[in-house]
Amino acid sequence: MPDYNPEEIETKWQGFWEQHECYRVTEDPDKPKYYLLEMFPYPSGRIHMGHVRNYCIGDVIARYKHMNGFNVLHPMGWDAFGMPAENAAREHGLNPARWTRQNIDYMRKQLKRMGYSYDWRREVSTCEPHYYRWEQLIFLKMFERGLVYKKKSPVNWCPTCQTVLANEQVEADCCWRCETKVIKRNLDQWFFKITDYAKELLKDCEQLSGWPERVITMQQNWIGKSTVVEFDFPLADAEGMIPVFTTRIDTVYGATFMTLAPEHPLVPELIEAAPNKAEIEAFIERIRQEDKISRTAEEREKEGYFSGRYAINPMTKEKIPIWIANFVLPEYGTGAIMAVPAHDQRDFEFARKYGLPRRLVIQPPAEQLTEANMTEAYTGEGVLVNSGQFDGLDNLSAKAKIADYMKSHGIGKPKVNYRLRDWGISRQRYWGAPIPIIYCKNCGCLPEAEDSLPVSLPPDLTLPEDGRSPLPACAEFVNTTCHKCNGPATRETDTLDTFVESSWYFARYASPEYDQGPFEPGAVKYWLPVDQYVGGVEHAVLHLLYARFFTKVLRDLGLVKIDEPFSRLLTQGMVIKDGAKMSKSKGNVVDPEQLINKYGADTARLFSLFASPPERDLEWNDEGVEGSYRFLNRVWRLVGKYAPQLKNITEADTDISLSAVDKDLQRKLHRTIKKVTEDVDGRFHFNTAISAIMELVNTLYQYEPKTAASQQLLKSSLQALLLLLAPFTPHVAEELWQQLGYKPSIFSAGWPEYDAEQLREELMLVVVQVNGKLRGKIEVPADLSHEEIKRLALNDKRVQQYIAGKTLKKVIEVPGKLINIVV
């Protein structure tokens, strides 16, 4: 048999799979379905080791399920819109469409070279009009239902990229892509009303039993449900109210001042007459430009200015000063906070810095606090003091009592509040799906007519060098006709956030060629939900939350019949080299293409699966890659050594008698099948599964078949070995399967099953006597040597009671039945 040649073998079998459409799948009601999906990639131009690891994990699961009789949907596509493509195209003097499609073509070849079991007929690319046409239709349906609106909003703005950034895309006050200092701007923005689904999104976290607990917790925290009391602080010297809400209504008597976010809409009015107005405005502008995360960091110094105005505490009737503070955010609550410095650490630090009063209203049970001896805010439980008629109540029961009082007196009311904010979907970019809205002087803001969809991007625009979108200057795109009055109108020139495309792509895979709507009803009913989703934990909140939201919207639009998109979620770790995540900037990138050219795709697959459990980071190790390559060579030589003599052996040629050595191999084989099955099926412990396969290979190397029965056993062992290896290293498994005399494809053969009876060693019961009297019984393997049986009998604890301290004269054995110890 020739030497192992990965490139020759892998291209051969990739051609076979493609020619025979081995992974083409259609709905089959007679088979259990299994929808396996990895998060689709952005077409940056080359796959990286993170892609390799992600898609190898998914491919093992897909192939394993296929071998177990499931009808497996395993698609691939491209998250093709976005700013990186636009910036790269500008840098290379190309149109983003051309740049993106070139990258897709190259990356598709790379993925095929890895041997993944994708049904490429279902490939989708989000930048194609036949994809985003349906996204625009969904937008219109959401608009009809009041789930889309436009408002002016303060946003993070990157002057270089010339677009809005999400809070999560601002790192250390800079753009995450180009590192330009981010500024704040007030812009008209389109929003999805995800908050309408906050209650259901939170409640349905209970359905996510197949998700990692930490991801569920992150989603719950992001949605952030709390029960609050909502009430107003009247202005002391003018008409008007400042609405607030709080979860700590038990401390309302301790509110000695108010703090407002610099962005609060009342601030300009409040500071109008302030003698230091210009100074306050400079402070406000400076704080507005800062990153929200750093503004609220515990270690951040608290800063503020007195507005010169006062409000009335509605419970104490006291006049309290209104301050503007850097740590208050406009989107948290109402953007105004009742400050209780005795019982909130941020308020405590602020009050100490600016000499503002503190009032203790919760006395701890174990010590006597006063305002004078406090060194930090007291945030624990206790008894109310300085709280009028509520003095003496424990603070937990006081919450309900005070809330009831405020409600009955028309001061405030209990309310359920969510931290979740509506999803801003406007992006001032060219390379994105156009928002299907028109503006007419006569009719106002209108949704596009459905029969005019898709609203397509102009294909060949020149990108301005300053980073701006070319859409506003493109008369061909902007100018249109109002479908309501037939008058002149203009199109919206913002494009949709690319998270919109990735929020529903998984459903489009069910019927990617369907042209009567987003989904063919029978196909989505059969395939959805996704049974197993695989991707990085960095998507734990935004992408996964948006996909959950979109699924519920699609359900309410009558397009799908599920509540949740992904039944199970596996979040894999990063690929680490030299102690850091692989990245071009760190110079620690390993090119998968070079790895494949040197060792083959099967080695790349095996190492990425063996080096670490999927959920943990994978530390790159060149020796580990070499080790994986050596192991595949060992398997190649092992099967190659015996294939010529075993390929024609059939069951009828064998003897049924097996030696003790044969039975050892048989037990090892069935234990390995059991171990690999349990590790792969649901647990995804691929590293320990591969380790068990390696141990089996070691055993097979030591085995020497000497009889017809042992040859048949060896052949069945090699057969099972290749079946176990097939999901991990499909090419070499296919080739060796054929060398053993079996017809391709190995994936049609079915997953091997273990025999529980074969897992147990054959045991026999041996009676132990001392001086002819029964003193014990021991179970021993049937093939154990006489000397070893004697040793076990003499060391048995019960027997030791009768022979300890006595002289051993002899040991009489009746083979397989009895040991008599004479003392």
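Residues numbered from 1 in each chain as written. Predicted model: local features only at pLDDT ≥ 70, side-chain atom pairs only at ≥ 80, totals over all residues. Heavy atoms only, no water.

Draft legend 1. Representation of the overall build of the protein in the model. Across its full length, the protein holds 26 helices and 34 strands. With the C-alpha coordinates of the protein rotated into their principal frame, the extents come out at 110 × 80 × 50 Å. Burial status across the protein gives 54% buried among its 823 residues. The long-range share in the protein, meaning contacts at least 24 apart out of those at least 6 apart in sequence, stands at 72%. Summed over all atoms, the accessible surface of the protein reaches about 36800 Å², with 49% contributed by carbon and sulfur. (Helix = DSSP H or I, 4+ residues; strand = E, 2+ residues; numbered from the N terminus. Buried < 20%, exposed > 50% of the residue type's maximum accessible area, 1.4 Å probe, protein only. Contact = heavy atoms within 4.5 Å. Areas by Shrake-Rupley, 256 points an atom, 1.4 Å probe, with all protein chains shown as cover.)

Draft legend 2. Layout of the pattern of salt bridges. Summed over all chains, the structure comprises 50 salt bridges. Note that R548 is salt-bridged to E564, the shortest N-O span being 2.8 Å. One end of the pair, R548, is in helix α16 (residues 542-556); the other, E564, is in the loop between α16 and β27 (566-572), and 16 residues separate them in sequence. Each member of the pair, R548 as well as E564, is classed as buried. Among the ionic pairs, R798 bridges to D796, the shortest N-O distance being 3.4 Å. (Salt bridge = Lys/Arg side-chain N within 4 Å of Asp/Glu carboxyl O.)

Draft legend 3. Focus on the state of the cysteines. If you walk through the whole model with that rule in mind, you get zero disulfides. In this structure C443 is a free cysteine whose sulfur lies 3.7 Å from that of C485, the closest cysteine sulfur available. (Disulfide = S-S within 2.5 Å.)

Draft legend 4. Structural view of the sheet that holds strand β11 (residues 241-246). With antiparallel pairing, the three strands of this open sheet are ordered in space as β11-β10-β18. Pairing within the sheet leaves two strands with one partner each, and these edge strands are β11 and β18 (412-418). This sheet shows a mean twist of 35° between the axes of neighbouring strands, independent of strand direction. For strand β10 (residues 225-234) and β11, the ladder comprises six bridges, and the chain directions are antiparallel. Bridged to F231 within β11 is V244. Against the sheet, helix α12 (residues 395-408) makes contact with β10 and β18, and its axis sits at roughly 120° relative to β18, the strand it touches most. (Pairing = 2+ DSSP bridges. Axes fitted to C-alpha atoms, helices over the stretch in contact; angles between N-to-C directions.)

Draft legend 5. Broad picture of α12. Over its 14 residues, α12 extends 20 Å from the first C-alpha to the last, a length consistent with the 20 Å expected when each residue adds 1.5 Å. Among all positions of α12, only N395, A398, I402, A403 and M406 are buried. What you see down the axis of α12 is that its buried residues fit within an arc of 135°, all on one side. Turned more than 90 degrees off the buried face of α12, the exposed positions are D404, K407 and S408. Contact partners of the buried residues in α12: β10, β16 (362-363), β17 (383-384) and β18. Trailing α12 by a residue or two, G410 shows a phi angle of about 70°, which is positive. (Expected span 1.5 Å × (residues − 1). Arc of directions from axis to C-beta.)

Draft legend 6. The arrangement of the packing of aromatic side chains in detail. Overall, the coordinates contain 50 aromatic pairs when judged by the stated rule. Ring geometry for F327 against F350: centres 5.7 Å apart, planes inclined by 75°, an arrangement best described as edge-to-face. Linking F327 in the loop between β14 (319-325) and β15 (336-339) with F350 in helix α11 (residues 345-354), this pair joins segments that are 23 residues apart in sequence. Of the residues examined, F350 reaches a relative accessible area of 0% and is grouped as buried. Put simply, the rings of F139, F143, W190, F192, Y197, W423, F499, Y546, F549 and F550 pair up and form one aromatic cluster. (Phe/Tyr/Trp six-rings, centres within 6.5 Å; stacked < 30°, edge-to-face > 60°.)

Draft legend 7. Examining unusual backbone geometry more closely. In this model, L528 is joined to P529 through a cis peptide bond whose omega is 0°. Examined against the element boundaries, P529 turns out to sit in the loop between α15 (521-527) and β26 (530-536). Residues P744 and S745 are joined by a peptide bond in cis, for which omega reads 5°. Looking at the element boundaries, S745 is found in the loop between α23 (730-739) and α24 (756-759). For E179, which is not glycine, the phi torsion reads 65° and is therefore positive.

Draft legend 8. Quick peek at the nonpolar core. Judged by nonpolar contacts, the single largest core of 177 residues is most densely connected at F192, F506, F549, L718 and L721. Beyond its immediate chain neighbours, meaning those up to four positions away, F506 contacts Y35, L37, L528, V530, A547, T551, P565 and F566. Residues M315, I362, M374 and L384 belong to the second largest nonpolar core, which totals 44 residues. (Core = buried A, V, L, I, M, F, W, Y, C linked by side-chain atoms within 4.5 Å.)

Draft legend 9. Representation of the environment of G254. Along the chain, the position of G254 falls in the loop between β11 and β12 (257-260). A relative accessible area of 0% means that G254 is categorised as buried. Put simply, G254 and P330 are 76 residues apart on the chain and 23 Å apart in space, counted from C-alpha to C-alpha. Not counting residues within four places of it along the chain, the set of residues in contact with G254 comprises A339, V340, P341, R359 and V361.

Draft legend 10. Geometry of the sheet that holds strand β19 (residues 423-424). As summarised here, the arrangement of the four strands in space is β6-β5-β9-β19, forming an open sheet in which the pairing is antiparallel. Edge positions in the open sheet fall to β6 (163-165) and β19, since each of these has one partner strand only. For strand β5 (residues 148-158) and β6, the ladder comprises three bridges, and the chain directions are antiparallel. Paired with C158 across the bridge in β6 is T163.

Draft legend 11. The environment of N588, seen in detail. When you line up the elements, N588 lands in the loop between β29 (580-581) and α17 (592-599). By relative accessible area, which is 3% here, N588 ends up buried. Separated by 51 residues in the primary sequence, N588 and V639 have C-alpha atoms spaced 37 Å apart.

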